[in-house]
Every structure is written in C-alpha cells, then in structure tokens.
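Chain by chain, the residues run as shown.
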Amino acid sequence: MDVLTLARIQFGMTTVFHFLFVPLSIGLGLAVAIMETMYVVKKDKVYKDMAKFWGKIFLLSFAVGVVTGIIQEFQFGMNWSEYSRFMGDIFGAPLAVEALLAFFMESTFIGLWAFTWDKVSPKLHVVFMWLVALGSTLSALWILAANSFMQNPSKEIFSINEVTGRAELESFGALLKNHQLWLEFPHVIFGAFVTGGFIIAGISAWKMLRKEDTVFFQKSMKIGLVIGLIFSVATIAVGHEQTQAIIEDQPMKFAATEGIYQDTEDPAPWKLIGLMDEKNHTEGPSIEIPYLLSILGSSHEGRFKGMNTINEELKEKYGDKANDYYVPVNALFWSFRFMAGFGSLMALLSVVGLFLLRKEKLQKMKWLLVIMSLCTFAPFIANTSGWLITELGRYPWTVYGLFTIADSVSPSVTAGQLMFSNIMFFLIFALLGGVLVFLIQRTAKYGPYAEEKEEETIDPMSKEAF
C-alpha cells in the first residue's frame, strides 16, 4: 500500500478508537453529576453509592480517552505535516483554548472530585462533578469548532496568505459563528449523553438478570433510561436539522447517504435498503418507501440532485484538484442507516423500559433485559457510524473545497514507517481496549458495595475466622 492509503488507515483507526471513549466519558460525567445532585437533594445514600460506582467507570473511560487523544494529536505532525502547515493557524487556536481552558478545568476538578469524598461538604463536592461535566462539554466545543471549519470553511473566517500559501485566521468570532458548529456540536454532545445513559442502563440490565443488588440497579436503570430518552430524541431532532444544512453545504455527502446517483423525481422515495455500484456509478436493487425522502427533506424542493450531476458541478467548480468527487457511497449509505436505526432503537427501548419499570414488570421479562444488555453497544455503533459519515463524506478534501487529502500527507514519511506505526498503534489500542473492558467488567461484577464487604471485619476468635 502507498503512503497516502496507510496514512488514511492510521487516521481512521486512531480517530474511531478515540471516539469510542470520548462520548462515554462525557455521557457518564453528566449522569454521575445528576446522581450526586439527587443525593444532595434527597439525602438518600443510594444516590451517593450510584455516583461512586458509576464514577469508577467514568474515571476509567476518561483515562483511556486522554491516552488515545495524545496519540491522535501526535500523528498530525507525523503523517499530515502539509495539512498542519496549511491549517495550523486556524486549527491551533481552538485546540489551544481546549487544552489551556477546558481540559485544564476538567482534569483539575476530576482530581478534586475523586479524592475529596467525605472531606468536603456534599454541596461543594457535587459542584466539582458539574465542573468536570462542563469542562468535558467545552472540550468538545473547541474540537468541533476546528472540525466544523473543515466541513464548512466560510470566507469570513480565514484568508489565504499568497506568500506562504497557508490559511490564516481572520476572525475567531466568525469561527464560532459557523452554522455547522451549532449543528454538529449539539448532535455530538446529545449522542454522548445517550451513550452514558445506555451504558448505565445496559450494565444495570445485566446485573438485574443476575439478580444482584436489584434495587440499586433498578434505580440506576431509571436514571440511565431517562437520560437516554431525552437525549436520543434530541439527537434525532438535531441530526435532522444538520442533514438539511448538509444538503446545501456538502450535497455529495447527502446524495451518498441516500444512495442517489441519478436526479430524483418529485416526490422522491427513500431507500430503506440498497446496493450501489461504485465502479460504474449506478444504483442497484433496493427497497424504497415512496414519498418519504421528499417528506424528510421538507425544507427543500421535493427533488434532489444525484451524485453524477453533483460530480460534474464540482468538477466545473474546483477543476482538476481531484480526478472525481465521488465519496465511498456504500460506506456512507449503510453508516447512515446504522446511525439512524440504532438511535431510533434506543429511543424506543427507553420508552418501553421506563414504562415497564414503572409497572414493576421489567425484572420478570428476561428476554427484554437480555436485549437491553446487548444495547450497551448500541450507542458506540451509532456514534462511530455518525463519525464515519462526517469524515468520509468530505472526501477528497481535508478542508472542504480548499485542501485535498492527497495534498495533506507528509512528504517525508515512508510506507515502511507507516506500516510499522500502524501495527504498533493497533497493538496499543487492542491492549488499552482489552484492559478497559476487563476493568469495567470487573467493576460491574463486584457491584457497588464490594469495598464495604471487604472492609467488614471478622472476630479473630470466631469460628468464621478458621
């Protein structure tokens, strides 16, 4: 494989792996803050126990997220030096704010929260957790500010230095006003909150199947499902609005997610299932729902341009910066359906689960508890699918309309070096992921009262001691 292909594989691997843990830590941070707030308000010790127990899993995910984030940033200078030169002035500003403000606040207060149980008042202690949750959210904001520029580089934000050929930041305010940011940010954050909610609900379902600490995990599941319901609905709503903007900003991405090669009629059907011939740029067999695409795209005309038409328009607009402007159609088409499908499934399970918990019937429905346990993985599938749409849908650009992927790769890196680093990163990620899964599984297995059981003392002269 050539340098460009290996560099893209490495970026995809590091980004996807890092993005498994970022939504998890953000979502669990909010959930733990809510649980501890309920303890402060209700004075019920079970909520304090919840905050401590789920806080352990939050700390594990936070630690792995930091390590994978460092690896991801490292590869920008290693594999994408031309991109770093072109975008450094713009990409560096929000990343600097993220590191110096948001991450500093997050890491400081996470330490205070973890080591001051019973050393400060409950009201002050819960403030630490809310500041951690706020810091996590702000970190995401600054990262997505940079990513949103890459998706939609508005002319008010930057200018091109004719001497150096670099993009230079003209207005930090305009960077923050980018409309893609205020669609992408809530979509990602709400999805992260859903992730935290369903991790809690899924592990709770597993423990309820085993009939261990049932009251504790029923209460935990209720909180997880409430969070999951509120934010899965919010994620779907914001995602719909983001799709409307993509129709205008990146029409090729939209056409690919819908599997449209030829211009549609009005009204346009929506493909539920379909296969596309990427080599010949034609549509294969599909199952369609009449009228639905025009209904979903209600803010636009009922007809939509196909990828063949869009490709010709992009060739005319951007010239020979790329051979063609087709994106990986099948990957985007199915990623969109996995994202939307699992997002809808989590919203439905939240409603059903909360109803059955209220009726005190869920504990008796083992088949549903099994499904909910398996849905621990649902938010990770949805999040990863959404990120694939965001990044693959921008092909062949790193900065849409300005800088291509081929122009971004480091000229001095060899295929052998990249192959070696790919293998090493994969092994590191496999080790980190395996250790994290093992530690989470062990934490869940021992349950919320493991430390209390260990601290119970036995009379050395009693028969239980022998």
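All of these numbers come straight from a predicted model, not from anything done at the bench.

Engineer: Help me out: how do you make sense of the packing of aromatic side chains in this one?
Structural biologist: The relation between two aromatic rings is expressed through the spacing of the ring centres and the mutual angle of the planes. Taken as a whole, this structure holds 30 aromatic pairs when the rule is applied. With a centroid separation of 5.9 Å and 25° between ring planes, the pair formed by W142 and F172 is classed as stacked. Of this pair, W142 sits in helix α4 (residues 122-151) while F172 sits in helix α5 (residues 172-177); the two residues are 30 residues apart in sequence, bridging distant segments of the chain. When its relative accessible area of 31% is taken as the criterion, F172 is described as partly exposed. Aromatic side chains F190 and F231 sit 5.6 Å apart centroid to centroid with 40° between the ring planes, which places their arrangement in the tilted category. Pair noted here: F190 is in helix α6 (residues 181-209) and F231 is in helix α7 (residues 214-249), with a separation of 41 residues, a long-range link. Members of the aromatic cluster, joined through ring pairs, are F53, W54, F216, F217 and Y449. When the ring centre of W117 is taken as reference, the NZ or CZ atom of K52 above it lies at 5.2 Å. Lying across the ring of F333, R337 places its NZ or CZ 3.6 Å from the centre.

Engineer: Is there a simple way to think about the nonpolar core in this case?
Structural biologist: Note that soluble globular proteins tend to have their nonpolar side chains buried in a common cluster. Among the nonpolar cores identified, the biggest contains 76 residues, and M50, W54, F216, M221, L362 and M372 are the most heavily contacted of them. When sequence neighbours within four positions are dropped, the list of residues in contact with M50 reads M35, G55, F216, K219, S220 and I223. Core analysis: the second largest hydrophobic core is formed by 23 residues, L6, W80, Y83 and L175 among them.

Engineer: I tried to follow a nonpolar patch on the surface on my own but got confused; where do I start?
Structural biologist: Together, M1, I9, M419, F420, I423, M424, F426, L427 and I428 give the surface a local cluster of nonpolar side chains, amounting to about 890 Å² of exposed area. Looking at which element gives the most residues to the nonpolar patch, the answer is helix α15 (residues 415-446), with 7 residues. Take I9: it is sitting in helix α1 (residues 3-42). Overall, I9 belongs to the partly exposed group, its relative accessible area being 39%.

Engineer: Quick question: what am I supposed to make of the pairing of strand β4 (residues 282-289) here?
Structural biologist: One face of the sheet, then the other: side chains in a regular strand alternate in exactly this way. As paired elements, strand β3 (residues 270-277) and β4 share 6 bridges and run antiparallel to each other. Counterpart to W270 in the pairing with β4 is I289. The antiparallel hairpin formed by β3 and β4 contains 4 residues in its connecting segment, where H281 sits at a positive phi of about 60°.

Engineer: I'm lost on the pattern of salt bridges in this one. Help?
Structural biologist: Evaluation of the coordinates by the stated rule reveals 10 salt bridges. With a shortest N-O distance of 2.5 Å, K207 and E212 are connected by a salt bridge. Since its relative accessible area comes to 1%, K207 is described here as buried. The partly exposed category is assigned to E212, whose relative accessible area is 23%. A salt bridge links E391 to R394; its shortest N-O distance comes to 3.2 Å. Residue E391 is classed as buried on the basis of its relative accessible area, which comes to 16%. R394 gets classed as buried once you look at its relative accessible area, which sits at 5%.

What counts and what doesn't
Positions within a chain are numbered from 1, following the residues in the order the chain's sequence is written. Selection of residues for local features in this predicted model requires a pLDDT of at least 70, selection of side-chain atom pairs for listing and counting requires 80 or more, and totals for whole chains, interfaces and linings are taken over all residues. Excluded from the side-chain calculation are hydrogens and water; included are all heavy atoms of the structure. Only centres within 6.5 Å qualify two rings of Phe, Tyr or Trp (six-membered ring in Trp) as a pair; their planes then separate them into stacked at under 30 degrees, edge-to-face at over 60, and tilted for everything else. Numbering of helices and strands starts at the N terminus; helices are DSSP runs of H or I of at least 4 residues and strands are runs of E of at least 2. Using a 1.4 Å probe on the protein chains alone, a residue whose accessible area is under 20% of its type maximum counts as buried, one over 50% counts as exposed, and one in between counts as partly exposed. Criterion for a charge above a ring: Lys NZ or Arg CZ within 6 Å of the ring centre, and within 35 degrees of the ring normal. To define a nonpolar core, start from buried Ala, Val, Leu, Ile, Met, Phe, Trp, Tyr and Cys residues and group those joined through side-chain atoms within 4.5 Å. The criterion used for residue contact is that any of the two residues' heavy atoms lie within 4.5 Å. Residues with no salt bridge and a relative accessible area higher than 30% make up the patches, which join like charges within 9 Å and nonpolar side chains (Val, Leu, Ile, Met, Phe, Trp, Tyr) within 5 Å. Each accessible area is a Shrake-Rupley estimate made with a 1.4 Å probe; only the visible protein chains count as cover when residues are assessed. For this analysis, a salt bridge means a side-chain nitrogen from Lys or Arg found within 4 Å of a carboxyl oxygen belonging to Asp or Glu. Any two strands with at least two DSSP bridges between them are considered paired.

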